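Summary of structural features
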Amino acid sequence: MTKAVFKKGWWVPWSFLALPLAVYLIWVYIPIIQSFGYAFTKRDSLLYKTVYIGFDNFARMFQDKQFFVALKNNLVWLLYFVLVPIPLGLFIAMLFNNSFKGNRIYKTLFYLPMTLSFAIIGTIWMWIYNPDAGFLNMILRSTGLSDLARPWLGDSRFMTGALVAVGVWRQVPYIMILYLAGLQSVPVELVEAALIDGASWWQRFTRVILPVLAPATIVSITISIIDSLRAFDIIYVMTNTKARAAEVLASYMYTSSFQYQDYGYGSAIAVIQFLITLSFILVYINRTLKAEQESGL
Amino acid sequence: MFNEKSKRRVLKAGFYLLSTALVAFWLIPLVLAFFTSVKSMDEIMGTGAMWAFPKSWRFDNYAKVWSSIGMGRYVLNTIFITVPSVLGTLVLSSLAAFALAFYGFKLNRMILVMFIAGMLIPFQMLMIPVFRFTDSIGLMNTRIGVILFHIAFQLGFCTFFLRNFFRQVPFSLVEAPRIDGASDFRIYWQIIMPLAKPSLAALAVLEFTWIWNDLLWSLVLLQSDRLKPVTLGLANMQGEFISYYNMTASGSIIAMILPLVFFLAFQRYFVSGMTVGAVKG
């Protein structure tokens, strides 16, 4: 932090900051504060005005079954977002991190899903899950597993799992990229040697490679958790937020606010979602600033 | 049993085999979407396997989706939203990043943390207030309303990203012209910005993709179908053309083509950008 200091008027940096900071405050920070405020209000339809109701929205939440459905689904999202993309992304990064020709093409191709919007991804996966003509059921039937074929998006028991799978499909390439960056600090030969020496492979992996990758792992886990808590687009596109059994906090907030016009309750849900996310945001920031100090920037 | 050389050969074969299988498996959904997009409805419904390799290639599906279903309009709308948003956010964030990278002042660290934290919060926290604010300043259902929000929200990541880059600039490059009497703004505009061209390009590519892919904010801030971007257009198409798989498939392909071309052309930038902040929108 001590590196670059222009000494002139105190106002010089602020003249650069004024506009961007003002824009950021108006569209990001003031809204955050406002949402906290709205969470304690309710629109009174008889009086045509918004009234303060204290913690009533939060109290109502604890008796709202649908809120707990959303919370539970978010937990499922979170678990799968940590348990699948982290090890799989690491494995694929190790696989692609080598000196063989053509590995760049593999990386590029594998990364493609990351560049697509959930609107597109959702549309495509809708046909994969199609109960009659969908690819998944077709494969299951043709391999003699007809018993497993089911209406993936039509059965409340499997809906969330089916949606999470789509999210995971897009998340794995992202985690791979993060690990590939982390692997830059491990010599390629070391990783390859670890693969060749079958016997000591596991030892080298756990004692040499994993410790080096620890920062990448922390960032990957934190980011995956934050992403899982933000999940909305997939659910909107694939269920049109009409499947209540698949709802998560983000989509429940959306339906409460914009379909039922219950802004107060919607804001209260957003506040809970925010508070859950906040702890992970703090981990991320702490990690980032620490890494920066270590690198001496 | 094996010498080093043959071990390596086995490893190499293993790598190609496993990698090819993996990539092929992962991209199945995209390949299937492409196959579906060039089939006629008769072919899709006629054969039991909706997903089989196309017998005849009906590229006119694309023309149909583009003009009669109106995908062209949606694509244009997205461009009209995305391009100004990217430019705006680059200009504003580079100003903020310049201040945070080169000046030591009391609130420097706190403002940096504010920008970083802001980019990670759940969007739902902003939805109602931004909706109301946009409405109150008369920008509801206008492109400007969405553009301003994108510019503002993306400032978090962009400022963080550019500040990190600016801090790697040798300080002498900034100090020397100062001694010669250059103003701070000139240093920003004529020295730092030209130097930052590669990272500005990287950032532009990332931001282009993210804003292009946005669904939520257009959903909240735009009501009229005339203004809707391609992501919403696609979601709407699902309602109207749900059983016309070939139409929705070619619609998806059209919607993905530009970000895809961008990614393939500027891949290196893209990947380095993703890992700098390790955050995506």
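Residues numbered from 1 in each chain as written. Chains lettered and ligands numbered in written order. Predicted model: local features only at pLDDT ≥ 70, side-chain atom pairs only at ≥ 80, totals over all residues. Heavy atoms only, no water.

1. Some details on the overall build of chain B
Quick note on the threshold: Secondary structure is summarised from DSSP: a helix means a run of H or I of at least four residues, a strand means a run of E of at least two, and numbering begins at the N terminus for each. Within these notes, the globule rule equals 2.2 Å times the number of residues to the 0.38 power, and the radius of gyration is based on C-alpha atoms. By the convention used here, residues are in contact when the closest approach between their heavy atoms is within 4.5 Å. To be clear on the numbers: accessible area is Shrake-Rupley with a 1.4 Å probe, and residue cover counts the displayed protein chains and nothing else. Charged residues are defined here as Lys and Arg on the positive side and Asp and Glu on the negative side; His and the ends of the chain fall outside this count. Here the site of a charge means NZ on Lys, CZ on Arg, CG on Asp, or CD on Glu.
Helices and strands together make up the secondary structure of chain B, namely 15 helices and zero strands. Taken over the C-alpha trace, chain B has a radius of gyration of 24 Å; the compact-globule value for 281 residues is 19 Å, which it surpasses by more than 25%. The principal-axis extents of the C-alpha atoms in chain B amount to approximately 75 × 75 × 30 Å. For chain B, long-range pairs separated by at least 24 residues make up 75% of all intrachain contacts whose partners lie at least 6 apart in sequence. Element-wise, carbon and sulfur atoms account for 68% of the exposed surface of chain B, whose accessible area totals about 11,300 Å². Taking the average location of the 23 positive side-chain charges in chain B and that of its 12 negative ones, the two points are 8 Å from each other.

2. Some points on the overall build of chain A
Selection rule: Only protein chains enter the accessibility calculation, which uses a 1.4 Å probe; a residue is then buried when its area is under 20% of its type maximum, exposed when over 50%, and partly exposed in between.
Broken down by element type, chain A carries 14 helices and two strands. Along the first, second and third principal axes, the C-alpha atoms of chain A reach 75 × 75 × 30 Å. A buried classification covers 56% of the 297 residues belonging to chain A. Residue pairs in contact within chain A that sit at least 24 positions apart in sequence constitute 65% of those at least 6 positions apart. For chain A, the accessible area works out to roughly 13,300 Å², and carbon and sulfur atoms hold 66% of it. Each charge class in chain A can be summarised by its mean position, and for the 23 positive and 15 negative side chains these summaries are 5 Å apart.

3. Describing the domain arrangement of chain B
Residues and elements named next belong to chain B. Operational definition: An automatic or database domain assignment supplies the residue ranges for each domain. What counts as buried area is the accessible surface, traced by a 1.4 Å probe, that two parts surrender upon association, with contributions from both included. Throughout this description, the term salt bridge denotes a Lys or Arg side-chain nitrogen within 4 Å of a carboxyl oxygen of Asp or Glu. Side-chain atoms alone can form a polar contact between residues adjacent in sequence; in general such a contact is a pair of N or O atoms within 3.5 Å, and within protein one must be able to donate a hydrogen while the other accepts it. Under this grouping Gly is polar, as are all residues other than the nonpolar Ala, Val, Leu, Ile, Met, Phe, Trp, Tyr, Cys and Pro and the charged Asp, Glu, Lys and Arg.
You can read the domains of chain B as domain 1 (4-63) and domain 2 (66-277). Domain 1 and domain 2 are separated by 33 Å when their C-alpha centres are compared. Between domain 1 and domain 2 the total buried area reaches about 980 Å² when both faces are included, carbon and sulfur atoms providing 72% of it. Linking domain 1 to domain 2 there are zero salt bridges. There are four residue pairs in polar contact (both at pLDDT 80 or more) connecting domain 1 and domain 2. Mapped by element, the contributors of at least two residues to the side of domain 1 that touches domain 2 are α2 (28-37), α3 (41-46) and α4 (60-67). Among the elements that make up the side of domain 1 that touches domain 2, the one with the highest residue count is α2 (five residues). Classifying every residue of the side of domain 1 that touches domain 2 by side-chain character gives eight nonpolar, four polar and one charged.

4. Digging into the confidence of the model for chain A
The following threshold applies: Residue-level confidence of the predictor, termed pLDDT, takes values from 0 up to 100.
Scored by pLDDT, chain A comes out at a mean of 87, with 93% of its residues at no less than 70. Across chain A, the secondary-structure element scoring lowest on mean pLDDT is helix α9 (residues 188-196) of chain A, at 66, and the one scoring highest is helix α3 (residues 65-83) of chain A, at 96.

5. Focus: the packing of aromatic side chains
The way to describe two aromatic rings as a pair is by their centre distance and the angle between their planes. Residues and elements named next belong to chain B. Condition: We call Phe, Tyr and Trp rings a pair once their centres come within 6.5 Å, taking the six-membered ring for Trp, and we label the pair stacked below 30 degrees between planes, edge-to-face above 60, and tilted otherwise.
This structure, assessed with the given rule, holds 56 aromatic pairs over all chains. With a centroid separation of 4.4 Å and an interplanar angle of 15°, the aromatic rings of F208 and F262 are classed as stacked. Linking F208 in helix α11 (residues 197-213) with F262 in helix α14 (residues 245-265), this pair joins segments that are 54 residues apart in sequence. Since its relative accessible area comes to 8%, F208 is described here as buried. Judged by its relative accessible area of 25%, F262 is partly exposed.

6. A word on the pattern of salt bridges
All names here are of chain A. For the coordinates displayed, the defined rule picks out five salt bridges over all chains. As a salt-bridge pair, R244 and E247 come within 3.2 Å of each other at their nearest N and O atoms. On the basis of relative accessibility, which here comes to 33%, the residue R244 falls in the partly exposed class. Residue classification places E247 among the buried positions, given a relative accessible area of 1%.

7. Some thoughts on the environment of A243 of chain A
All names here are of chain A. Structurally, the position occupied by A243 is in the loop between α12 (233-239) and α13 (249-259). Among the residues examined, A243 registers a relative accessible area of 16% and is labelled buried. Measuring from C-alpha to C-alpha, the distance between A243 and G154 comes to 8.6 Å, with 89 residues separating the pair along the chain.

8. A look at the interface of chain B and chain A
Every contact between the two is made by 110 residues of chain B and, on the other side, 107 residues of chain A. If you look at where chain B meets chain A, you find 15 residue pairs in polar contact (both at pLDDT 80 or more). When residues in the side of chain B that touches chain A are grouped by element, the largest group, 13 residues, is from helix α1 (residues 4-26) of chain B. Residues of the side of chain B that touches chain A, tallied by class, amount to 78 nonpolar, 19 polar and 13 charged.

9. Some words on helix α6 (residues 108-120) of chain B
Residue and element names in this part refer to chain B. So the rule is basically this: Multiplying 1.5 Å by the residue count of a helix minus one yields the expected span of that helix.
Here α6 spans 19 Å end to end across 13 residues, near enough to the 18 Å set by a 1.5 Å rise per residue. Counting buried residues along α6, 10 of its 13 residues qualify, which places the element largely inside the surrounding structure. Residues of α6 that are buried: N108, I111, L112, M114, F115, I116, A117, G118, M119 and L120.

10. Focus: the confidence of the model for chain B
Low-pLDDT portions of the prediction should not be read for the details of their coordinates. All names here are of chain B. Averaged over chain B, the pLDDT score is 87; the fraction of residues at 70 or greater is 95%. The least confident element of chain B is helix α15 (residues 267-277), whose mean pLDDT is 70; the most confident is helix α5 (residues 71-102), at 95. Interface confidence in the predicted complex, given as ipTM, is 0.89; pTM for the same model is 0.89.

11. Quick look at the side chain of T209 of chain B
Mapping T209 of chain B onto the fold places it in helix α11. Accessibility expressed as a relative area gives 1% for T209 of chain B, which makes it buried. With near-sequence residues (within four places) excluded, T209 of chain B lies in contact with T115 of chain A together with P259 and F270 of chain B.

12. Some details on helix α6 (residues 118-128) of chain A
Most of α6 of chain A is tucked away: 10 of the 11 residues are buried. Buried residues of α6 of chain A: A119, I120, I121, G122, T123, I124, W125, M126, W127 and I128 of chain A, and no others. Elements that come into contact with the buried residues of α6 of chain A comprise α7 (135-142), α8 (156-183) and α12 of chain A together with α2, α13 (230-240) and α14 of chain B.

13. As for the side chain of N108 of chain B
Turning to its location among the elements, N108 of chain B is positioned in helix α6. Polar side-chain contacts of N108 of chain B include one of 2.7 Å to the backbone oxygen of Y103 of chain B.

14. Examining the packing of α6 of chain A against α2 of chain B
The line we're drawing: Lines fitted to C-alpha atoms define the axes here, with helix axes fitted over just the stretch in contact, and angles between the N-to-C directions of these axes take values from 0 to 180 degrees. Throughout, the term roughly parallel applies to angles under 35 degrees, roughly antiparallel to angles over 145, roughly perpendicular to angles from 65 to 115, and oblique to all others.
Packing of α6 of chain A against α2 of chain B leaves a shortest axis separation of 10 Å and a crossing angle of 85°. Between α6 of chain A and α2 of chain B, the angle is such that the two are roughly perpendicular. Contacts between α6 of chain A and α2 of chain B pair I124, W125, W127 and I128 of chain A from the former with P29, L30 and A33 of chain B from the latter. Taken together, the residues of the contact of α6 of chain A with α2 of chain B sort by class into seven nonpolar, no polar and no charged.

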